[in-house]
Structure formats: C-alpha cells, structure tokens
Amino acid sequence: MDLNSNKKKIIIKNYGLSESDTGNCIVQIALLTFKIKNITNHLKYNKKDFNTERSLQILVSKRKKLLKYIEKKNKTQT
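Not measured: the values here are computed from a predicted model.

**Brief notes about the packing of helix H2 (residues 25-45) against helix H3 (residues 50-77)**
- Close contact between H2 and H3 brings their axes to 9 Å; oriented N to C, the two are set at 155°. As far as their axial angle goes, H3 and H2 are roughly antiparallel. Along this stretch, H2 crosses H3, giving a crossing that reads as left-handed. Residues Cys25, Ile26, Gln28, Ile29, Leu32, Thr33, Lys35, Ile36, Ile39, Thr40, His42 and Leu43 of H2 lie in contact with H3, whose contacting residues are Thr52, Glu53, Ser55, Leu56, Leu59, Val60, Lys62, Arg63, Leu66, Leu67, Tyr69 and Ile70.
- Its residues placed into classes, the contact of H2 with H3 shows 14 nonpolar, six polar and four charged.

Written out as structure tokens, the structure is:
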C-alpha cells in the first residue's frame, strides 16, 4: 500500500493537532513509520533492491533524529 493523499490525511488527522498540522514532529514520525513499514515489506520480497534499502536507511535515520528531538524536548519541559 502506497502513501496516497487519503491515507496521508488520515494519519495527519490521527496524530496532528489539526488536519493541516503537517509540521508537527509526531505527525512526521507517523508518516515516516508508515513509509518504513511499506519499504520493509517490499524488501522482504526483493532482497537485491539495494537502492530501496538505502532509502530505507535514510528514512530510519530521519525518524531516529526526530525521536531524539522529541525526547530532548520533553526532558527540558519537565
């Protein structure tokens, strides 16, 4: 399943503060997680697709940076 506009709107609605809240870190993490799951599923059947594997690594590192940012932000607020 690809990330089309309808699925993207549903994810933003579930995790964002409003329907147009695309810049929120939590929304970005949710979108990246959805993409990562799809790419992981693709790589199960296409083991030699190295370009997709590289893009998966990039997405995982972006998500990791966002999670670190949220963790740091929550520690300073409490």
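**Brief notes about a positive patch on the surface**
- A contiguous patch of positive charge on the surface is contributed by Lys8, Lys35, Lys62, Lys64, Lys65 and Lys68.
- It is H3 that contributes the most residues to the positive patch, four residues altogether.
- Relative accessible area serves as the criterion here: at 46%, Lys62 is assigned to the partly exposed category.

**Focus: the nonpolar core**
- Counting 10 residues, the largest nonpolar core is built from Cys25, Ile29, Leu32, Ile36, Ile39, Leu43, Leu56, Leu59, Leu66 and Ile70.
- Those elements giving two or more residues to this core turn out to be H2 and H3.
- Per-element tally for this core: the top contributor is H2, with six residues.
- Ignoring anything within four residues of it in the chain, the contact list for Ile70 reads Cys25, Ile26 and Ile29.
- Within the second largest apolar cluster, seven residues are counted, among which are Leu3, Ile11, Ile12 and Leu31.

**Notes on the packing of helix H1 (residues 5-15) against H2**
- The contact between H1 and H2 brings their axes to 9 Å, and the two run at 140°. In terms of orientation, H1 lies oblique with respect to H2. Considering only the axes of H1 and H2, their crossing is right-handed. Contacts between H1 and H2 involve Lys7, Lys8, Ile11, Ile12 and Tyr15 on the former and, on the latter, Ile26, Val27, Ala30, Leu31 and Phe34.
- Tallied by class, the residues present in the contact of H1 with H2 amount to eight nonpolar, no polar and two charged.

The rules behind these values
Residues numbered from 1 in each chain as written. Predicted model: local features only at pLDDT ≥ 70, side-chain atom pairs only at ≥ 80, totals over all residues. Heavy atoms only, no water. Axes fitted to C-alpha atoms, helices over the stretch in contact; angles between N-to-C directions. Helix = DSSP H or I, 4+ residues; strand = E, 2+ residues; numbered from the N terminus. Parallel < 35°, antiparallel > 145°, perpendicular 65-115°, else oblique. Left-handed = near helix turned anticlockwise from the far one by under 90°. Contact = heavy atoms within 4.5 Å. Nonpolar A, V, L, I, M, F, W, Y, C, P; charged D, E, K, R; others polar. Patch = residues over 30% accessible without salt bridge, like charges linked within 9 Å, V, L, I, M, F, W, Y side chains within 5 Å. Areas by Shrake-Rupley, 256 points an atom, 1.4 Å probe, with all protein chains shown as cover. Salt bridge = Lys/Arg side-chain N within 4 Å of Asp/Glu carboxyl O. Lys, Arg positive; Asp, Glu negative; His and termini not counted. Charge placed at Lys NZ, Arg CZ, Asp CG, Glu CD. Buried < 20%, exposed > 50% of the residue type's maximum accessible area, 1.4 Å probe, protein only. Core = buried A, V, L, I, M, F, W, Y, C linked by side-chain atoms within 4.5 Å.

Such coordinate-based values are descriptive only and should not be taken to indicate function.
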